[in-house]
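Summary of structural features
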Amino acid sequence: MAPAMASLKSSLLLPSSPLSDFSGAALSMSTQNRRRSWQPRGARMQVAAAADSKNILVMGGTRFIGVFMSRLLVKEGHQVTLFTRGKAPVTQQLPGESDAEYAEFSSKVLHLKGDRQDFDFVKTNLSAKGFDVVYDINGREATEVAPILEALPNLEQFIYCSSAGVYLKSDLLPHFETDAVDPKSRHKGKLETESLLEKSGVNWTSIRPVYIYGPLNYNPVEEWFFHRLKAGRPIPIPGAGNQITQLGHVKDLATAFIKVLGNPAASKQVYNISGTKYVTFDGLARACAKAGGFPEPEIIHYNPKDFDFGKKKAFPFRDQHFFASVEKASKELGFTPEYDLVDGLTDSYSLDFGRGTFRKEADFTTDDMILGKKLVSV
């Protein structure tokens, strides 16, 4: 086995199934062919069995998660309305999506323009529409959700995008849905929303993703690595690089959102959703290189305490072990991620960054601070 491949495989941790074949060239070709018209395994059968056509409101839906999720909902015959402020195009053609597929989607999706902070507008317009199901993708505070519940007293299901960031930091991992949560976390608004849903009596389901990646990702997760790999720069990683984390592909997350729709097992339940593999920071750098067809990266380790980066973020992940069990979703929802890590990163690279598109320009300011100190200390 080549040293690079052995290094990558040793950085990926999988609790219950064997490692996948990371053959770069073959993987890239199969990914492009297989994803050209994306539809997850079993999605049509599950939705058809779980629910008839529903009048569905998606709060958000024009950026990342909702873009993929709303397509699945439309394909399954539901009437989908996106609630947005109208500052971005309501629909956009996805990379790899055919003209016919895009035309089919854009002709069926509806748009409700408004500000969710305008609670009177929300209550008036939602009550008039009488939606069956609400997917809240961008809600951050309980005060934003209360008017929706008030406007829709006969709501069949409220499906909420929370975050695994709500868990209290612990030495015992992975996080399970029953673990203690941190009321002081930066996601405390999501915790308060889950509490509101539980007290309201509505049929609700909450999804807690870990780190999400994939095409159109507006958070610099894989993009952070791709920028440095493309520029041929070293990858600065805090600590020893053996911190373990977890990523989940956006299309797998969209599938999970579909699986809870009308599903009795998901009533008033919380689910962690992510990939089944855990990966070290160093392993993630090597996986990104593999996905983009780059050489083995040079990795530089540093102590974050040696630097004052000001308001700049030197690394896109929290500097700690952070991963969650998806066992509950697997058992109760039949959730099985379609993408392993390198497969998913290849999908992201080939459909986004590899085409020259990204959300944020490269900024190597903190990298240069790290590398400058390293050079002086040598």
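A short tour of the structure in this document, coming up. (Residues numbered from 1 in each chain as written. Predicted model: local features only at pLDDT ≥ 70, side-chain atom pairs only at ≥ 80, totals over all residues. Heavy atoms only, no water.)

Throughout the structure, instances matching the rule amount to 13 salt bridges. Linking Arg208 and Glu194 is a salt bridge whose minimum nitrogen-to-oxygen distance equals 2.6 Å. Residue Arg208 is found in strand β7 (residues 204-209), and its partner Glu194 is found in helix α8 (residues 188-200); the two are separated by 14 residues along the sequence. Under the relative-accessibility criterion, Arg208 is labelled buried at 5%. Linked through salt bridges whose partners overlap, the residues forming this network are Arg116, Asp136 and Glu144. (Salt bridge = Lys/Arg side-chain N within 4 Å of Asp/Glu carboxyl O. Helix = DSSP H or I, 4+ residues; strand = E, 2+ residues; numbered from the N terminus. Buried < 20%, exposed > 50% of the residue type's maximum accessible area, 1.4 Å probe, protein only.)

A separate point is a positive patch on the surface. A surface patch of like charges, here positive, comprises Arg63, Arg85, Lys87, Arg140, Arg186, Lys313 and Lys360. Checked against the element boundaries, Arg63 lands in the loop between β2 (55-59) and α4 (65-75). (Patch = residues over 30% accessible without salt bridge, like charges linked within 9 Å, V, L, I, M, F, W, Y side chains within 5 Å. Areas by Shrake-Rupley, 256 points an atom, 1.4 Å probe, with all protein chains shown as cover. Lys, Arg positive; Asp, Glu negative; His and termini not counted. Charge placed at Lys NZ, Arg CZ, Asp CG, Glu CD.)

Turning our attention to the sheet that holds strand β11 (residues 269-273). The strand order across the open sheet built from seven strands is β4-β3-β2-β5-β6-β7-β11, with neighbouring strands paired in parallel fashion. The sheet is open, and its two edges are formed by β4 (110-113) and β11, each paired on a single side. Pairs of neighbouring strands in the sheet enclose a mean axial angle of 20°, with direction left out of account. Of the strand pairs in this sheet, strand β3 (residues 79-84) and β4 are connected by four bridges, and their pairing is parallel. The residue bridging Thr84 from the neighbouring strand is Lys113, located in β4. Those strands touched by helix α6 (residues 119-129) are β2, β3 and β4, and its axis lies near 150° from that of β4. (Pairing = 2+ DSSP bridges. Axes fitted to C-alpha atoms, helices over the stretch in contact; angles between N-to-C directions. Contact = heavy atoms within 4.5 Å.)

Turning next to unusual backbone geometry. Residue Leu173 is joined to Pro174 through a cis peptide bond whose omega torsion reads 5°. The residue Pro174 is located in the loop between β6 (157-161) and α8 in this model. At Leu216, a residue that is not glycine, the phi angle is positive and equals roughly 75°. Along the chain, the position of Leu216 falls in the loop between β8 (211-213) and α9 (222-230).

Nothing here speaks to function; it is geometry throughout.
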